[in-house]
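Chain residues, written in single-letter form:
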Amino acid sequence: MIRSVRELPTVPGVYRFRDDAGKVLYIGRARNLRRRVQSYWVNLGDRPHLARMVRRIARVEGVSCDSEHEAAWLERNLLEHSKPRWNRVEGGAEVVGYIRLATGSKPGLSFSHTVSGSLPHFGPYLGGLRIRQAISGLHRVLPLQYTVSGDGSAEEFGRLFGIGPGDREALARTAIAVLERDPAAVATLRAELVRRRDRASAGLRYEFAAKVQGEIEALDWIVAEQKVAWLEPRDAEVYGWADGVLVRFELRAGRMCTWTQRAAGEATARERVAATPELWRTFAQRNAELAARLLKVTS
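Residues numbered from 1 in each chain as written. Predicted model: local features only at pLDDT ≥ 70, side-chain atom pairs only at ≥ 80, totals over all residues. Heavy atoms only, no water.

A. Region of the structure containing the pairing of strand β7 (residues 236-242). Most of β7 is tucked away: five of the seven residues are buried. With seven bridges connecting them, β7 and strand β8 (residues 245-252) associate as antiparallel partners. Bridge pairing in β8 links Ala242 to Val245. In this antiparallel pair of consecutive strands, β7 and β8, the connection spans two residues, and Asp243 shows a positive phi of 50°. (Buried < 20%, exposed > 50% of the residue type's maximum accessible area, 1.4 Å probe, protein only. Helix = DSSP H or I, 4+ residues; strand = E, 2+ residues; numbered from the N terminus. Pairing = 2+ DSSP bridges.)

See the structure below:
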């Protein structure tokens, strides 16, 4: 096993293998970077096609991400931009989707494959099932779809929940706060889902408890920090420098699509690092330090 694997953090991220000529062999993502990369030298029972690749790995590189969702997006973006030989597909298998909020005569949250019309959209997110489970969890606590008038069955459900058209605005504001990742709003809604799950479990309604648990996990997925794919089509150059290694990430049309690293002196790197947007500085610095550690052990 390559010694640098032990320098990888035990956090979500993306990893990249290179051969001794510097050519990229494979890009992957992981919930736990160190454990995932170590597995290539421990057990390839379900991936025999990768055994020949492993014998060619000369260097491991990694990006530490702030969530599994961010790692999933970064892997997808990198593979869509450039697919190494040993990767079988250009991007991830997850469906890309958005959550659309309607507050008119048919209020509620819904899944959308694209952004269209004037209604507010949140995302993008990966995973059609997760997005729909998250919507189910939001509706469970914030039943916007029942704040209607003129629809007999929906109005009846609204009366059962103790809500009506007058509650629509407040429920919509709370949904927006959750989808915009307001910590207090997310914590409150999540706590209510946990309460309902635990109550169902205590009442031996295990199937329902499992359903709510799935909604909790989906909520965690969509509200997790994620900067590498934006609804806003921004461009940016992101640089980090540590111990002679300059790491560069390129953001185009809202997607982080390239990741490179090279040797550079501090004077060369200073201006680029200073121009990096504030949002990205911690991410870039952390990954420059990781790149420097991995390179040092490999050398």
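Having seen the model, we can carry on.
B. Inspection of the sheet that holds β8 at higher detail. Spatially, three strands are ordered β7-β8-β9 in an open sheet, and the strand pairing comes out antiparallel. Two strands lie at the open edges of the sheet, namely β7 and β9 (255-263), each paired on one side alone. In this sheet, adjacent strand axes meet at a mean angle of 15° when their direction is disregarded. Summarising the sheet, β8 and β9 pair through eight bridges and their orientation is antiparallel. The residue bridging Arg252 from the neighbouring strand is Arg255, located in β9. Packing of helix α10 (residues 278-298) onto the sheet brings it into contact with β7, β8 and β9, and relative to β7 it is tilted by some 45°. (Axes fitted to C-alpha atoms, helices over the stretch in contact; angles between N-to-C directions. Contact = heavy atoms within 4.5 Å.)

C. Inspection of the packing of aromatic side chains at higher detail. Scanning the entire structure with this criterion turns up nine aromatic pairs. Pairing Phe17 with Tyr40 gives two aromatic rings, centres 5.0 Å apart and planes at 90°, and the pair type is edge-to-face. Of the two residues, Phe17 sits in strand β1 (residues 13-18) while Tyr40 sits in the loop between α1 (33-38) and α2 (51-54), which places them 23 residues apart along the sequence. Residue Phe17 shares its accessibility class with Tyr40, and that shared class is buried. Residues Trp280 and Phe283 carry aromatic rings whose centres are separated by 5.5 Å and whose planes lie at 85° to one another, so their mutual orientation is edge-to-face. Of the two residues, Trp280 and Phe283 both sit in helix α10, three residues apart, roughly one turn of that helix. Like Trp280, the residue Phe283 is buried in the burial classification. A connected cluster of aromatic rings, assembled from ring pairs, spans Tyr15, Phe17, Tyr26, Tyr40 and Trp41. Over the face of the ring belonging to Trp221 we find Arg130, whose NZ or CZ atom lies 3.7 Å from the ring centre. In this structure, Arg132 is placed above the aromatic ring of Phe111, and the distance from its NZ or CZ to the ring centre is 3.9 Å. (Phe/Tyr/Trp six-rings, centres within 6.5 Å; stacked < 30°, edge-to-face > 60°. Lys NZ or Arg CZ within 6 Å of the ring centre and 35° of its normal.)

D. Region of the structure containing the pattern of salt bridges. This model, assessed by the stated rule, comprises 25 salt bridges. Residue Arg56 pairs with Asp19 through a salt bridge whose shortest N-O separation is 3.7 Å. Of this pair, Arg56 sits in the loop between α2 and β3 (59-64) while Asp19 sits in the loop between β1 and β2 (24-30), placing them 37 residues apart in sequence. Here Arg56 falls in the partly exposed class, since its relative accessible area comes to 36%. The exposure class of Asp19 is buried, given its relative accessible area of 8%. Taking the shortest distance from any N to any O, the salt bridge between Glu192 and Arg195 comes out at 2.6 Å. (Salt bridge = Lys/Arg side-chain N within 4 Å of Asp/Glu carboxyl O.)

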